[in-house]
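Residue-level structural notes
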Amino acid sequence: NDEENEDGDIGRGRLQRRRKPCLVVIDSIQTMVCEAGGSSAAGGITQVRECVALFLRLAKSTGVSIVLVGHVTKTGDVAGPRTVEHMVDCVLYLEGVRGSSGTASNVRMLRAAKK
């Protein structure tokens with residue numbers, strides 16, 4: 001977890017020392033912890049919201065695209081706060097498709113919920 005330095009730049013030093021990536025994938029945002037989230041547990045509303053805000057600042061300051069993966073619970077609810085959906089540019093759902101007999105299949109559908 002890269003934190004802000006005194007100039008307000010996040011991770012810029014690390015990205016400049018190495019070859020700059022064109023894409024970063026965080027899987028899953030619910031497992032991330034940052035200092036700005038305080039002492040709350042990973043996956044909690046405060047931690048998830050602060051980690052997303054940190055990654056947004058990182059993306060804007062470096063120009064690197066960041067894909068944040070969030071998972072759903074067995075009941076189909078989003079694990080963590082739904083407020084994250086309002087912070088990001090795009091929300092996509094990767095959904096399993098049931099076969100005609102009602103059994104799970106290997107087919108997945110990518111559905112855009114926010115464009």
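Quick caveat, the model's predicted, so the values are computed rather than measured. (Residues numbered from 1 in each chain as written. Predicted model: local features only at pLDDT ≥ 70, side-chain atom pairs only at ≥ 80, totals over all residues. Heavy atoms only, no water.)

With that settled, the discussion passes to the environment of L54. Mapping L54 onto the fold places it in helix 2 (residues 45-62). Sequence separation between L54 and A36 is 18 residues, and the spatial gap between their C-alpha atoms is 8.6 Å. (Helix = DSSP H or I, 4+ residues; strand = E, 2+ residues; numbered from the N terminus.)

Our focus in this paragraph is the confidence of the model for the protein. When pLDDT is averaged along the protein, the result is 80; 79% of the residues meet or exceed 70. The least confident element of the protein, judged by mean pLDDT, is helix 1 (residues 12-17) at 57; the most confident is strand 1 (residues 23-27) at 94. (pLDDT = per-residue confidence, 0-100.)

Moving on to the pattern of salt bridges. Should their charged atoms come close, side chains of opposite charge can pair. Under the criterion given, the structure shown has one salt bridge. The residue E95 makes a salt bridge to R111 at a minimum N-O spacing of 2.7 Å. Here the residue E95 occupies a position in strand 3 (residues 91-98), and R111 occupies one in strand 4 (residues 104-114), the gap between them amounting to 16 residues. Overall, E95 belongs to the partly exposed group, its relative accessible area being 25%. (Salt bridge = Lys/Arg side-chain N within 4 Å of Asp/Glu carboxyl O. Buried < 20%, exposed > 50% of the residue type's maximum accessible area, 1.4 Å probe, protein only.)

Tracing the backbone through its elements, the reader meets E85 in the loop between strand 2 (65-69) and strand 3. Considered as a pair, E85 and A113 are 28 residues apart in the sequence and their alpha carbons are 9.4 Å apart. Within the structure, E85 has its side chain in polar contact with the side chain of Y93 (distance 2.8 Å). (Polar contact = N/O pair within 3.5 Å; in protein donor to acceptor, adjacent residues only side chain to side chain.)

Relative to strand 2, strand 1 runs parallel, the two sharing five bridges. When the sheet's bridge partners are listed, D27 is paired in strand 2 with V69. Read from strand 1 through helix 2 to strand 2, the crossover connection turns out right-handed. (Pairing = 2+ DSSP bridges. Right-handed = clockwise from strand over helix to strand, strands pointing away.)

In this section: unusual backbone geometry. Look at the link from D27 to S28: it is a cis peptide, with omega at 15°. Here S28 shows up in the loop between strand 1 and helix 2.

Attention shifts here to the environment of E35. Here E35 shows up in the loop between strand 1 and helix 2. Along the chain, E35 and Q47 lie twelve residues apart, while their C-alpha atoms are 8.6 Å from each other.

Our focus in this paragraph is the side chain of Q30. Summarising the element assignment, Q30 is placed in the loop between strand 1 and helix 2. At a separation of 3.3 Å, a polar atom in the side chain of Q30 contacts the main-chain carbonyl oxygen of H71.

With that settled, the discussion passes to helix 2. A rise of 1.5 Å per residue sets the reference length of helix 2, with its 18 residues, at 26 Å; its end C-alpha atoms lie 26 Å apart and thus fit the reference within 8%. Here helix 2 has its buried residues at Q47, V48, C51, V52, A53, L54, F55, L58, S61 and T62. A positive backbone phi angle near 80° is found at G63, which sits one or two residues after helix 2. (Expected span 1.5 Å × (residues − 1).)

Our next topic: the nonpolar core. Membership of the largest hydrophobic core comes to 14 residues, with the highest contact counts inside it found for I29, M32, V52 and F55. Those elements that place two or more of their residues in this core are helix 2 and strand 3. For this core, the element with the highest residue contribution is helix 2, accounting for six residues. Those residues in contact with I29 that lie beyond four places of it in its chain are V48, C51, V52, F55, L68, V69 and G70. (Core = buried A, V, L, I, M, F, W, Y, C linked by side-chain atoms within 4.5 Å. Contact = heavy atoms within 4.5 Å.)

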